[in-house]
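So you can see what is in the structure, the chains are spelled out below.
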Amino acid sequence: MTSVGLLVERFGPILRLSHDRPERRNAQSAAFLDALNGALDAAAADLAVRVVILAGTGDHFCAGHDLKDADTMQPQGTPETRDMFEAQRYRDYCLRLWDMPKPVIAQVQGACVGGGFMVANMCDLIVAAEDTFFADPVVGTAAVAASEVLVHPWVMGLRRAKEFLYGGGRVSATEALAMGMVNRVVPKEDLAAASLALAERIAQSSPFALRLMKRSLNRTAEIQGFRAAIDAHFDTHQLSHMGADAQERLAAGAAGIVGRGRGQTG
Ligand code: ZN
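Conventions adopted
- Residues numbered from 1 in each chain as written.
- Predicted model: local features only at pLDDT ≥ 70, side-chain atom pairs only at ≥ 80, totals over all residues.
- Heavy atoms only, no water.
- Patch = residues over 30% accessible without salt bridge, like charges linked within 9 Å, V, L, I, M, F, W, Y side chains within 5 Å.
- Areas by Shrake-Rupley, 256 points an atom, 1.4 Å probe, with all protein chains shown as cover.
- Salt bridge = Lys/Arg side-chain N within 4 Å of Asp/Glu carboxyl O.
- Lys, Arg positive; Asp, Glu negative; His and termini not counted.
- Charge placed at Lys NZ, Arg CZ, Asp CG, Glu CD.
- Helix = DSSP H or I, 4+ residues; strand = E, 2+ residues; numbered from the N terminus.
- Buried < 20%, exposed > 50% of the residue type's maximum accessible area, 1.4 Å probe, protein only.
- Pairing = 2+ DSSP bridges.
- Axes fitted to C-alpha atoms, helices over the stretch in contact; angles between N-to-C directions.
- Contact = heavy atoms within 4.5 Å.
- Polar contact = N/O pair within 3.5 Å; in protein donor to acceptor, adjacent residues only side chain to side chain.

This paragraph deals with a negative patch on the surface. Negative charge collects at one region of the surface, where E80, D83, D231 and D235 lie side by side. Counting only elements with at least two residues in the negative patch, the list comes to α3 (79–98) and α11 (226–241). Accessibility expressed as a relative area gives 48% for D235, which makes it partly exposed.

Structure, rendered in structure tokens:
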């Protein structure tokens, strides 16, 4: 399936789902996100799939949401349509990743930005190529409060997340490793093999034990308020879209927003 830019590959018990629109730095269209979510639903129900890898072809994992996609931008016209669109495509689809009953490994390289940062960080594990950089510049570019899913403080720590989001800077793979945001950093040429090797090792474990282990680990975060915080930020994010600066940037169009940053929206 490549028409929406989703590449689906099987390696025995491992399913690899890849962003596959490298000419657009794997920016996520609405149709891509629908296809990815459908593939995750199918993988959840398929007992032969034991581990999922979420990857990206080409030089970049994902540069964020696709500002040139009409299906993404049209709902931005009113608060009502934006809330519906972003609740489904961004919040609910991210929570679908979080709730997958089997381990999901993000395999990232190059840009892991905005919407790409969100989906990678909703995965259980992250394997990063040395050239990976993480960013969420939308406070500065689109004048909205971060991306829709505020996973950042959970994976970076509160103080680092504040600097990252206030200033719109980048975090390198090495820095991400030091802060515990990624599990390992490997040379780019070894990225696919390292991710598959990790997936194969996990696939040896009992699927039921893995499912319950993941449920228990996720509940540990949820008892600390993970899910409520994700929901609360989503609503705050919607409010931020209605700010005067955000409306002005949106009216300037994709070029106005992209011109300020790195090609993705909030
Ligand atoms: Zn938004």
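This paragraph deals with the sheet that holds strand β4 (residues 104–108). In space, the six strands of this open sheet follow the order β1-β2-β3-β4-β6-β9, with mixed pairing throughout. With partners counted over all chains shown, the strands left at the sheet margins are β1 (6–11) and β9 (184–186), one partner each. Strand-to-strand twist in this sheet, taken as the mean axis angle between neighbours without regard to direction, amounts to 20°. Summarising the sheet, β4 and strand β6 (residues 125–129) pair through four bridges and their orientation is parallel. Considered in β6, the bridge of I105 is made with L125. Sitting on the sheet, helix α1 (residues 30–45) touches β1, β2 (14–19) and β3 (51–56), and the angle it makes with β2 is about 175°.

The next thing to look at is the side chain of S147. Position of S147 relative to the elements: it lies in the loop between α5 (138–141) and α6 (152–156). When its relative accessible area of 1% is taken as the criterion, S147 is described as buried. Here D136 takes part through its side chain, which lies 2.8 Å from a polar atom of the side chain of S147. Beyond its immediate chain neighbours, meaning those up to four positions away, S147 contacts G114, G115, M118, D136, V138, H233 and H237.

These values are about where atoms sit, not about what they do.
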